[in-house]
Amino acid sequence: MVGISVGLLKLGARSCGALASSSRTLAFSPISFPDTGAPISHPPPLEVPLSIPRPSYAETGIPAAKTRSIPRYTPSEVDGIRSACQLAREVLEYAKGIVVPGLSTAELDRLVHEKIVQAGAYPSPLNYSGFPKSLTTSVNNVVCHGIPDDRPLESTDLINVDVSVYVGGFHGDCSTTVGLPELDSAGIRLLKCAEAALVSGIEAAVVGRRFNAIGKAIDTMVTAEGYQVCREFIGHGIGYEFHTLPDVHPCDIGAINGFLEPKIAPGMIFTIEPAVNEIGRAIRILDDRWTAVTIDGGRSAQFEHTIYVKEDGVPEILTTI
């Protein structure tokens, strides 16, 4: 589940740069919402058995405050986070396998929820700051934090599925974007760019570099391909807490805001999760306070891994099988 860059979100459209032309014909169906289309039906949140350990916010909806420094984990803690990350990836692969036209994202949420609790884990998004579902599903022009609902997927859609779990006292987090069978060639190209952007960010996560090196590598690669990185949504530290420091921006935030980013060091664990927009950067948050959509109706794609910075300086991808 992606973090939010509060400073950039407050800047709104001024932080997003000039929009690319939005006059192109859309070869897909932008998702419509209550202010532009039919009402959306959101089934109620699903239950988690009381026997399953849960994070502190599960009842209150209030996450713990971020630590003032970036956590660095011991080998035994890394083992626990790795286990949580691998479960998250296993569930994500399961979700990928059942995404088909006609399936509603609410049904996908139900099936993924069942898979998580069967493994003795808690779905991390559920009631995190009040989020009402067990995963996020972001279709076409939804950048992130889409709330699963009753609308069936179409054969031309692309969908980001973001799975996070809490097990053994630790969180694991990953996501992927899936193209349905009739996704057009422009959509396939967008997916390839978004996946390559993640790889560029991971390769830049080198001990001794500042965190903005990750964002600079991502933004440079994405811009060269003719797309735009959404700057408002960021990677984050993860471990005992779902979201903690560091903030991992998908752009050179130091150059934008004029401050010095911390250095990457051994023992740190964080997500990298750039959202790549098809047309322009500008987004808006809907009245549900979660769903982020592109203003121009262009699609967005995102891939995410959680990585661990090892003592030898080489990043290990924890969310892989």
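Procedures and definitions
Residues numbered from 1 in each chain as written. Predicted model: local features only at pLDDT ≥ 70, side-chain atom pairs only at ≥ 80, totals over all residues. Heavy atoms only, no water. Phe/Tyr/Trp six-rings, centres within 6.5 Å; stacked < 30°, edge-to-face > 60°. Helix = DSSP H or I, 4+ residues; strand = E, 2+ residues; numbered from the N terminus. Buried < 20%, exposed > 50% of the residue type's maximum accessible area, 1.4 Å probe, protein only. Core = buried A, V, L, I, M, F, W, Y, C linked by side-chain atoms within 4.5 Å. Contact = heavy atoms within 4.5 Å. Pairing = 2+ DSSP bridges. Axes fitted to C-alpha atoms, helices over the stretch in contact; angles between N-to-C directions.

Under the defined criterion, the tally for this structure stands at six aromatic pairs. Relative to Phe242, the ring of Tyr128 lies with its centre 5.0 Å away and its plane at 80°, an arrangement referred to as edge-to-face. Of the two residues, Tyr128 is situated in the loop between strand E2 (122–123) and strand E3 (136–139) and Phe242 in the loop between strand E8 (233–237) and strand E9 (244–248); the sequence distance between them amounts to 114 residues. Tyr128 gets classed as buried once you look at its relative accessible area, which sits at 11%. We classify Phe242 as buried; its relative accessible area is 1%. Measuring from centroid to centroid gives 4.6 Å for Phe170 and Tyr240, while their planes differ by 40°, and the two rings are tilted. One end of the pair, Phe170, is in strand E6 (residues 170–179); the other, Tyr240, is in the loop between E8 and E9, and 70 residues separate them in sequence. According to the relative accessible area criterion, Phe170 is buried, its value standing at 8%.

In terms of nonpolar packing, the biggest core is built from 29 residues, with Phe211, Ile214, Val222, Phe270, Ile272 and Val276 touching the most fellow members. Among the elements that line this core, the one with the most residues is helix H5 (residues 185–203), at seven residues. If we ignore the near neighbours within four places in the chain, the residues touching Val276 are Leu190, Cys193, Ala194, Ala197, Val222, Tyr227, Gln228, Arg299, Ser300 and Ala301. Counting 21 residues, the second-largest nonpolar core is a separate cluster that includes Ile116, Leu135, Val139 and Leu180.

A few words on the sheet that holds strand E13 (residues 292–294). Spatial strand order, E4-E13-E12: three strands in an open sheet with antiparallel pairing. Each edge of the sheet is formed by a strand with only one pairing partner; in this case those strands are strand E4 (142–144) and strand E12 (283–285). Strand-to-strand twist in this sheet, taken as the mean axis angle between neighbours without regard to direction, amounts to 40°. Bridge count between E12 and E13: three bridges; the pairing is antiparallel.

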